[in-house]
Amino acid sequence: MRSHIRWADGTWALLVLQAAVLTSCGLAMTFSLIVRSPPEAVGQGLVFLGSVAFAVSAVWARLRGRPVWVSVLTTLPAAVVGGLSMEMPDALLAHLAGLVLVPVALGAMLAEVLSPGVPLVDVET
């Protein structure tokens, strides 16, 4: 059996992937243990754009009728990583949260694209 991805699903997946790339590149630009790096302002902007893209993809997922867990897991990097990065730009908390939450969002996207509509937990009634 041949499976295919619809245009809307593929576009949504690309938006999540773009958000992950923007956030990761921004976090990489702002990473410094000693002093502030020169491209830190650009990195903060990339983290902000990635957070906006994650938020848009979460809203889009909800409007398209995807399960709630997909929307929640794609919203987490926007809220946590973006919020920590903007609120505490000198701390490494955003980087540590990004190490966990960006792959989680990508995993949620892959799980939804590869097997759409499957619940996270199978509840028997």
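This is a predicted model, so every value here is computed, not measured.

1. Structural notes on helix H3 (residues 68-87)
A turn of α-helix holds 3.6 residues, and therefore any two residues three or four places apart point the same way.
Step number 1: Compared with the 28 Å implied by 1.5 Å per residue over 20 residues, the 27 Å span of H3 between its first and last C-alpha is a close match.
Step number 2: Taking the largest bend as the criterion, H3 deviates by roughly 30°, centred on Thr 75, and proline Pro 77 comes between one and four positions later.
Step number 3: If you check which residues of H3 are buried, you get Trp 69, Val 70, Ser 71, Thr 74, Pro 77, Ala 78, Val 81, Gly 82 and Ser 85.
Step number 4: Tucked inside the fold, the buried residues of H3 contact helix H1 (7-30), helix H2 (40-63) and helix H4 (93-114).

2. Concerning the nonpolar core
Step number 1: Trp 12, Val 16, Phe 54, Val 70, Met 109 and Val 113 are the most contacted members of the largest nonpolar core, which has 17 residues in total.
Step number 2: Among the elements of the structure, H1, H2, H3 and H4 are those that each provide at least two residues to this core.
Step number 3: Of the residues forming this core, the biggest block, six residues, is contributed by H1.
Step number 4: Lining this core are residues from two domains, each supplying at least three of them: domain 1 (1-37) and domain 2 (38-116).
Step number 5: Within the second largest apolar cluster, six residues are counted, among which are Val 47, Ala 94, Ala 97 and Leu 101.

3. A short note on the side chain of Thr 74
Step number 1: Structurally, the position occupied by Thr 74 is in helix H3.
Step number 2: The class for Thr 74 is buried, based on a relative accessible area of 0%.
Step number 3: Residues in contact with Thr 74, not counting those within four places in the same chain, are Trp 12, Val 16, Phe 54, Ser 57, Ala 58 and Ala 105.

4. Quick look at the packing of aromatic side chains
Step number 1: The tally for this structure, following the rule as stated, stands at zero aromatic pairs.
Step number 2: Of note, Arg 66 hangs over the ring of Trp 12, and the distance from its end group to the ring centre comes to 4.3 Å.

5. Comments concerning the packing of H1 against H2
Step number 1: With their axes 7 Å apart at the nearest point, H1 and H2 run at an angle of 155° to one another. Taken together, the axis directions place H1 and H2 in an arrangement best described as roughly antiparallel. Where H1 crosses over H2, the handedness of that crossing is left-handed.

6. Focus: the UniProt feature "transmembrane region" (unreviewed entry) in the protein chain
Step number 1: In this numbering, the UniProt entry assigns the feature "transmembrane region" (unreviewed entry) to residues 12-35, 41-61, 68-86 and 92-111.
Step number 2: The distance from the first to the last C-alpha atom of residues 41-61 is 30 Å, and the span holds 100% helix and 0% strand.

7. Some details on H4
Step number 1: Between its first and last C-alpha, H4 extends 32 Å over 22 residues, near the 32 Å set by a 1.5 Å rise per residue.
Step number 2: Taken as a whole, H4 has its buried residues at Ala 94, His 95, Ala 97, Gly 98, Leu 101, Val 102, Ala 105, Ala 108, Met 109, Glu 112 and Val 113.
Step number 3: In this structure, the buried side of H4 is in contact with H1, H2 and H3.

8. Describing the environment of Pro 77
Step number 1: Its location among the elements puts Pro 77 in helix H3.
Step number 2: When its relative accessible area of 1% is taken as the criterion, Pro 77 is described as buried.
Step number 3: For the pair Pro 77 and Ala 97, spaced 20 residues apart in sequence, the C-alpha separation works out to 7.9 Å.
Step number 4: The residues touching Pro 77, leaving out its near neighbours within four places in the chain, are Ser 51, Phe 54, Gly 82, Leu 101, Val 102 and Ala 105.

Thresholds, definitions, all that
- Residues numbered from 1 in each chain as written.
- Predicted model: local features only at pLDDT ≥ 70, side-chain atom pairs only at ≥ 80, totals over all residues.
- Heavy atoms only, no water.
- Helix = DSSP H or I, 4+ residues; strand = E, 2+ residues; numbered from the N terminus.
- Expected span 1.5 Å × (residues − 1).
- Bend = angle between axes of the 7 residues up to and from the residue.
- Buried < 20%, exposed > 50% of the residue type's maximum accessible area, 1.4 Å probe, protein only.
- Contact = heavy atoms within 4.5 Å.
- Core = buried A, V, L, I, M, F, W, Y, C linked by side-chain atoms within 4.5 Å.
- Domains from an automatic or database assignment.
- Phe/Tyr/Trp six-rings, centres within 6.5 Å; stacked < 30°, edge-to-face > 60°.
- Lys NZ or Arg CZ within 6 Å of the ring centre and 35° of its normal.
- Axes fitted to C-alpha atoms, helices over the stretch in contact; angles between N-to-C directions.
- Parallel < 35°, antiparallel > 145°, perpendicular 65-115°, else oblique.
- Left-handed = near helix turned anticlockwise from the far one by under 90°.
- UniProt positions renumbered as here; feature names shortened; annotations may be inferred.

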